[in-house]
Amino acid sequence: TPSENVAMVFHKLSGMPPNFKKWALMTKEYEEASKFDKVIVRDKKATDLQSSFALTSISEPIVINTPVYVSNYSFTNKGFLIESFREDTYFSYEYGGGDYAIVIPDLIEYQWIAVEGEKAKLIDDSAIAQKRRMRAIVYFEPKFADKSAQMTLDGRPYWLLSGKIRNIALYDASGKKILWEKMSKTYSDKKQRELLNLYQ
């Protein structure tokens, strides 16, 4: 999901409308416009951004594509650890002069990959070939945007967006081959209810 969309979801969920003209000043179109057209381009981009904001949905998941490191296989516990997922992990975005951070409290619940047999070998072979570097795709449901104050993370102030994971998938380093997937119990139960309702 592009940074622009993440910023819009934050402002929509927080009820704190963005400064569209300020955002417009930082667009490529404005920067590349001649000095005679800058005001016209700024106003058009501000209008376009406002229209996009009006259409922004907070019910759609934000898709986070992130590189991760996977541990060696544990034969004792039958699985791998996604070492990049920790309690202090956050995902940062910059748009329109503002910094935004996605914080997922339940991310740590998806740190462990419980697999055995052929599936474990498939993940391990891919991890070995890429020096334990892989890619994770996280489908994140935004639930809360903190407009009261920014939080400083690694020395930078961020507007915080938090929520829950809908599902997560582990891919090889190219991001093309899916090797493992886990769906949240809440979302899984919801999909099962929807299927039952369809059959009834």
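Right above here is the structure, for reference.
Report follows, based on the coordinates. Residue positions within a chain follow its written sequence, with the count starting from 1. Totals for whole chains, interfaces and linings use every residue, but because this is a predicted model, local features are given only for residues with pLDDT of at least 70 and side-chain atom pairs only at 80 or more, for both listing and counting. Calculated side-chain values reflect all of the structure's heavy atoms, with hydrogen atoms and water omitted.

Turning next to the overall build of the protein. Scanning the protein for helices and strands turns up six helices and eight strands. What counts as a helix is a DSSP run of H or I of at least four residues, what counts as a strand is a run of E of at least two, and both are numbered from the N terminus. For the protein, the succession of helices and strands along the chain, N to C, is α-α-α-α-β-β-β-β-β-α-β-β-β-α. Along the first, second and third principal axes, the C-alpha set of the protein runs to 65 × 50 × 30 Å. Residues classed as buried in the protein amount to 42% of the 200 residues present. Note on classification: 1.4 Å probe, protein chains only; a residue is buried when its accessible area is under 20% of the maximum for its type, exposed when over 50%, partly exposed between these limits.

Ranked by size, the top nonpolar core spans 44 residues in total, and within it Ile64, Phe85, Ile102, Ile104, Ile123 and Leu161 carry the most contacts. Excluding residues within four positions of it along the chain, Ile102 makes contact with Val6, Ile62, Ile64, Tyr90, Phe91, Tyr93, Phe140 and Leu161. Within this scheme, the nonpolar core is defined by two criteria: the residues are buried Ala, Val, Leu, Ile, Met, Phe, Trp, Tyr or Cys, and they are joined through side-chain atoms within 4.5 Å. Contact criterion: two residues are considered in contact whenever any of their non-hydrogen atoms come within 4.5 Å of each other.

With respect to the helices and strands, the residue Ile62 is situated in strand 1 (residues 62-69). For Ile62, a relative accessible area of 2% puts it in the buried group. Placed twelve residues apart in sequence, Ile62 and Ser74 show a C-alpha to C-alpha distance of 31 Å. Once you skip the residues sitting within four places of it in the chain, Ile62 turns out to touch Thr1, Val6, Val9, Ile102, Val138, Tyr139, Phe140, Pro142 and Leu161.

For Lys78, which is not glycine, the phi dihedral falls at a positive 60°. Note that Lys78 resides in the loop between strand 1 and strand 2 (79-81). A residue is classified by how much of its surface remains accessible, and Lys78, at 35% relative accessible area, is partly exposed. Unlike most non-glycine residues, Lys131 shows phi in positive territory, near 55°. Structurally, the position occupied by Lys131 is in the loop between helix 5 (117-129) and strand 6 (133-153).

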